[in-house]
Amino acid sequence: MCGIAGAVYFSDSARPHDGADDVLRSMVRSIRHRGPDSSGFHRDGTVMFGVSRLAVNGLADGDQPFTHGPTGVTIVCNGELYDFRDQRAHLERAGHVIRSGSDVEVLLHLYLEYGLDFVHRIDAEFACAIHDPRTRQVHLIRDRMGVRPLYYYQDGAKLVFGSEIKAIFEHPGVPRALDHDTMLCNLMRLDLLERSTFQDIRIVRPGTLLTIGLDGRTRQTRYWDFADLVLSAEPSHDTFEEAVERTSDLLRAAVRRRLDADVPVGAFLSGGLDSSLVTALMSEHGTVSTFSIEFEGAHYDEGAYSRRVAEWFGTDHHRLPVSVAEQCAALPEALFHCEHLVQQLDGTAKLLLAREAAAHVKCVMVGEGADEVFLGYPNHLSSYQINHLGRQDTSGVALRQTARHGIDHVVNEHRDIAGLVRQHGYYPMQADAIQSILGIACEMLSPELRDRAQRTDFLARHLDELGHPAGLSAIHREQAAGLQLTMPVYLFEFLGGKLEMAASLEGRLPFLDRDLVQYAVSLPAEFHLRGGVEKSLLRACARPLLPPSISERPKHGFSSPIAEGFFGKDRVEYFEHYTSKEHCASAGLFDGVAVDRIKQDVEGIYSLDDQERTMKERALLFVLSTHLIEDMFTRGPAPRCISSTASRE
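All of the points below concern the structure found in this document. (Residues numbered from 1 in each chain as written. Predicted model: local features only at pLDDT ≥ 70, side-chain atom pairs only at ≥ 80, totals over all residues. Heavy atoms only, no water.)

Section: the overall build of the protein chain
Here's step 1: When helices and strands are tallied, the protein chain shows 28 helices and 17 strands.
Here's step 2: A compact globule built from 649 residues would reach a C-alpha radius of gyration of about 26 Å, and the protein chain, at 24 Å, matches this within 12%.
Here's step 3: By its C-alpha atoms, the protein chain is 70 × 60 × 50 Å across when sized along the principal axes.
Here's step 4: A buried classification covers 65% of the 649 residues belonging to the protein chain.
Here's step 5: Within the protein chain, residue pairs in contact and separated by at least 24 positions form 72% of the contacts whose partners lie at least 6 positions apart.
Here's step 6: Looking at the protein chain as shown, the accessible area adds up to about 22900 Å², and 47% of this sits on carbon and sulfur atoms.
Here's step 7: Taken as two groups, the 68 positive and 91 negative side-chain charges of the protein chain have centres that lie 2 Å from each other. (Helix = DSSP H or I, 4+ residues; strand = E, 2+ residues; numbered from the N terminus. Rg over C-alpha atoms; globule rule 2.2 N^0.38 Å. Buried < 20%, exposed > 50% of the residue type's maximum accessible area, 1.4 Å probe, protein only. Contact = heavy atoms within 4.5 Å. Areas by Shrake-Rupley, 256 points an atom, 1.4 Å probe, with all protein chains shown as cover. Lys, Arg positive; Asp, Glu negative; His and termini not counted. Charge placed at Lys NZ, Arg CZ, Asp CG, Glu CD.)

Dropping the structure here:
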């Protein structure tokens, strides 16, 4: 795992002649947390690459960039190629000479052998840049699921890219301003595939190749899409029992591949089904170092379950008790690293846990992706019941109580199911969230943004982002929304990837293994939702390995308290400043009077149900995160993290 950055100038005159190398070094230095072991640079005319390396494979000889002498083709890469040993053997049989133990050099030779078609041959989580002087082109490539981040800025003179936006902002020719359209969509809990938090900073979409000619012409090519995978998949004829056996075999192989590293690989262990199953399979290869976080409050803490699993498998277990105050204090730094507007505190806990783990290992396996692939969220079951069975068994009241268990499932009790089915061909579950949030959102926005929000059809915007062809079932559309929108845009930015890398820790995701995903989508939805239970196939895989108290646990998302640390005697200083009427008036994004009213409501709302309380808490946290992000990234000479005790004027 690494951090990459660079620039492509479309003419020699466009390149800064004084200080271009210093600019590149500054870009790489800003993301050194992603790879503190070494740094490297490549400059060939108007093309400049830089990399900050976290050494995982080829420890002694794997420094980047890698350049192929005869052709001059150069690569920098962030991520891992999990089948690189097999790929290396194949390439060497074909006559390639690979000198290091690095998987990145293997990736370079795969490009030399197959051109850009190499992306169809690999099992990898990666984002890379390749400069091919033979074609006068640079290629930016991101993995199928978008596990590794990649951003870029382009104008008429240059294209600047980086693993994180802060690296791009180190370039003096890149403007820094919030994107208000993205802000409104994030407030409505919508994720955008290509537009980032900031104006003109674009996201390289998952499963995409962005080709940049040195003359400034760019071409974007999708090489992988979930809808295409589903529509082209040969439906499996396996019985449920056969599917359990095949899934277990594939997951076991995925874990084994992700254990292949020249450094120790640990595991995050929450005590939930997914992380416990990964821990079980890792334990077949020896003692595992596991890491778990323990929250204040019985509603949020899963410590008893993680300790049970750790004892069951005899892991080297590390517990990290975290208070609400510690989470609140860590929020500014978490936002600085995730570069995303948020409505929850969960990512701050992940940052603290990553730091604890990084003191012991360089890599951890994580359970992210299991819910998206194996239909583990309540909205999957609700969609299946509404759209495929014509009913909904779970009561609205019960669903409204899921917020306290970290399950992001908002329920609108005034659904127009028939109307939306007539309009869209199915009932999109995102409609619940939009209708429930819109009132609070419009109440607290500034007049200009309120007017824009009221004129926006957010559900249509959500469906446009999905953009799936005819033939995809309702449940697969819900699955796609999670896999291709929420997971790469929000989950990997705030609840995983970027915050793990803030601590120089690489996360590995066995549930997103290429072969496992392909098999899972070939199975009927009934296998995953058998008996009205989410993720029932995966539960069946877990039963022979885990104690029943774990394999049969109801879904409990990774969650933490929201409001407790911002109210009362221990409230953090920056909260009052960034949510004050004065700051709201100065920033011009929110109505300070309305925000103040919501703050008063939250302090007295604890007799109401989870959903109403949580919606208002999240609204406040969104205001806070928006003002913090704007301050840290758009004001001052360069992005910088503020102190949690700051009370800026």
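Brief notes about the sheet that holds strand S3 (residues 47–53)
Here's step 1: The six strands lie next to each other as S2-S3-S1-S9-S8-S10, forming an open sheet whose pairing is antiparallel. Edge positions in the sheet fall to strand S2 (38–44) and strand S10 (201–203), since each has one partner strand and no second. Each strand of the sheet is rotated relative to its neighbour by a mean of 15 degrees, with strand direction disregarded.
Here's step 2: As defined by bridge partners, strand S8 (residues 151–154) adjoins strand S9 (residues 158–162) across four bridges and the pair is classed as antiparallel. Considered in S9, the bridge of Gln 154 is made with Leu 159.
Here's step 3: Relative to the sheet, helix H1 (residues 20–29) contacts strand S1 (2–9), S2, S3 and S9, its axis offset from that of S3 by approximately 30 degrees. (Pairing = 2+ DSSP bridges. Axes fitted to C-alpha atoms, helices over the stretch in contact; angles between N-to-C directions.)

Side note on the nonpolar core
Here's step 1: Core analysis: the largest hydrophobic core is formed by 195 residues, its most contacted members being Met 444, Phe 566 and Phe 590.
Here's step 2: The leading source of residues in this core is helix H28 (residues 610–634), at eleven residues.
Here's step 3: Among the nonpolar cores identified, the runner-up in size contains 20 residues, and Cys 2, Ala 127, Tyr 152 and Val 204 belong to it. (Core = buried A, V, L, I, M, F, W, Y, C linked by side-chain atoms within 4.5 Å.)

Focus: the pairing of S2
Here's step 1: Two strands pair when backbone bridges link them, and S2 and S3 are joined in this way by seven bridges, in the antiparallel orientation. Within S3, the residue paired with Ser 38 across the bridge is Arg 53.
Here's step 2: Where S2 folds back onto S3 in an antiparallel hairpin, the turn is made up of two residues, including Gly 45, whose phi is positive at roughly 65 degrees.

A word on the state of the cysteines
Here's step 1: For the coordinates displayed, the defined rule picks out zero disulfides.
Here's step 2: A disulfide-free cysteine, Cys 2 has its sulfur positioned 7.3 Å from the sulfur of Cys 77, the nearest such atom.
Here's step 3: With a relative accessible area of 4%, Cys 2 lands in the buried category.
Here's step 4: As a non-bridged cysteine, Cys 128 has Cys 77 as the owner of its nearest cysteine sulfur, 5.1 Å distant.
Here's step 5: For Cys 128, a relative accessible area of 0% puts it in the buried group. (Disulfide = S-S within 2.5 Å.)

Digging into the pattern of salt bridges
For side chains bearing opposite charge, pairing can occur when the charged atoms are close.
Here's step 1: Within the structure shown, the criterion is met by 44 salt bridges.
Here's step 2: Between Lys 350 and Glu 368 there is a salt bridge whose closest N-O contact spans 2.9 Å. Separated by 18 residues along the polypeptide, Lys 350 in helix H11 (residues 346–358) and Glu 368 in the loop between strand S16 (363–365) and helix H12 (370–374) bring together distant segments of the chain. Per residue, the accessibility class of Lys 350 equals that of Glu 368, and both read buried. (Salt bridge = Lys/Arg side-chain N within 4 Å of Asp/Glu carboxyl O.)

Quick word on the environment of Ser 196
Here's step 1: Its location among the elements puts Ser 196 in the loop between helix H5 (180–187) and S10.
Here's step 2: Judged by its relative accessible area of 3%, Ser 196 falls in the buried class.
Here's step 3: Each C-alpha atom of the pair Ser 196 and His 317 lies 37 Å from the other, and the pair is 121 residues apart in sequence.
Here's step 4: Contact partners of Ser 196, with chain neighbours within four places excluded, come to Ile 165, Asp 179, Thr 182, Ile 201 and Ile 203.
Here's step 5: Here Ile 201 takes part through its backbone oxygen, which lies 2.8 Å from a polar atom of the side chain of Ser 196. (Polar contact = N/O pair within 3.5 Å; in protein donor to acceptor, adjacent residues only side chain to side chain.)

Structural notes on helix H3 (residues 103–114)
Along an α-helix, residues three or four positions apart point the same way, because every turn accommodates 3.6 residues.
Here's step 1: With twelve residues, H3 extends 16 Å between its outermost C-alpha atoms, agreeing within 8% with the 16 Å of an ideal straight helix rising 1.5 Å per residue.
Here's step 2: Within H3, ten of the twelve residues are buried, leaving the element largely enclosed by the surrounding structure.
Here's step 3: Of the residues making up H3, those classed as buried are Asp 103, Val 104, Glu 105, Val 106, Leu 107, Leu 108, His 109, Leu 110, Tyr 111 and Leu 112.
Here's step 4: Where H3 is buried, its residues touch strand S4 (66–67), strand S5 (74–81), helix H2 (84–93), strand S6 (124–132) and strand S7 (137–142).
Here's step 5: Of the residues flanking the start of H3, the one acting as N-cap is Ser 102, its side-chain oxygen 3.0 Å from the backbone nitrogen of Val 104.
Here's step 6: In the stretch just after H3, Gly 115 is the one whose phi turns positive, near 65 degrees. (Expected span 1.5 Å × (residues − 1).)

Let's talk about a negative patch on the surface
Here's step 1: On the surface, Glu 241, Glu 242, Glu 245 and Asp 249 cluster together into a negatively charged patch.
Here's step 2: Take Glu 241: it is sitting in helix H7 (residues 240–258).
Here's step 3: Under the relative-accessibility criterion, Glu 241 is labelled exposed at 53%. (Patch = residues over 30% accessible without salt bridge, like charges linked within 9 Å, V, L, I, M, F, W, Y side chains within 5 Å.)

A look at unusual backbone geometry
Here's step 1: The step from Gln 64 to Pro 65 runs through a cis peptide bond, and the omega angle for that step is 0 degrees.
Here's step 2: Looking at the element boundaries, Pro 65 is found in the loop between S3 and S4.
Here's step 3: One non-glycine residue, Arg 136, lies in positive phi territory at about 55 degrees.
Here's step 4: Relative to the assigned elements, Arg 136 resides in the loop between S6 and S7.
Here's step 5: Even without a glycine there, the phi angle at Glu 339 is positive, about 60 degrees.
Here's step 6: As for its position among the elements, Glu 339 is in the loop between helix H10 (324–338) and H11.

A few points about the side chain of Asp 103
Here's step 1: Relative to the helices and strands, Asp 103 is located in helix H3.
Here's step 2: It is Arg 508 that comes nearest to the buried, bridge-free Asp 103 among opposite-charge side chains, at 6.5 Å.

A word on the packing of helix H13 (residues 378–388) against helix H19 (residues 474–494)
Here's step 1: Where H13 contacts H19, the two axes come as close as 9 Å, and the packing angle between them is 155 degrees. On the basis of their axis angle, the class for H13 and H19 is roughly antiparallel. When the axes of H13 and H19 are compared, the crossing they make is right-handed. From H13, Asn 379, His 380, Ser 383, Tyr 384, Asn 387 and His 388 reach across to H19, where they touch Ala 474, Ile 475, Glu 478 and Gln 479. (Parallel < 35°, antiparallel > 145°, perpendicular 65-115°, else oblique. Left-handed = near helix turned anticlockwise from the far one by under 90°.)

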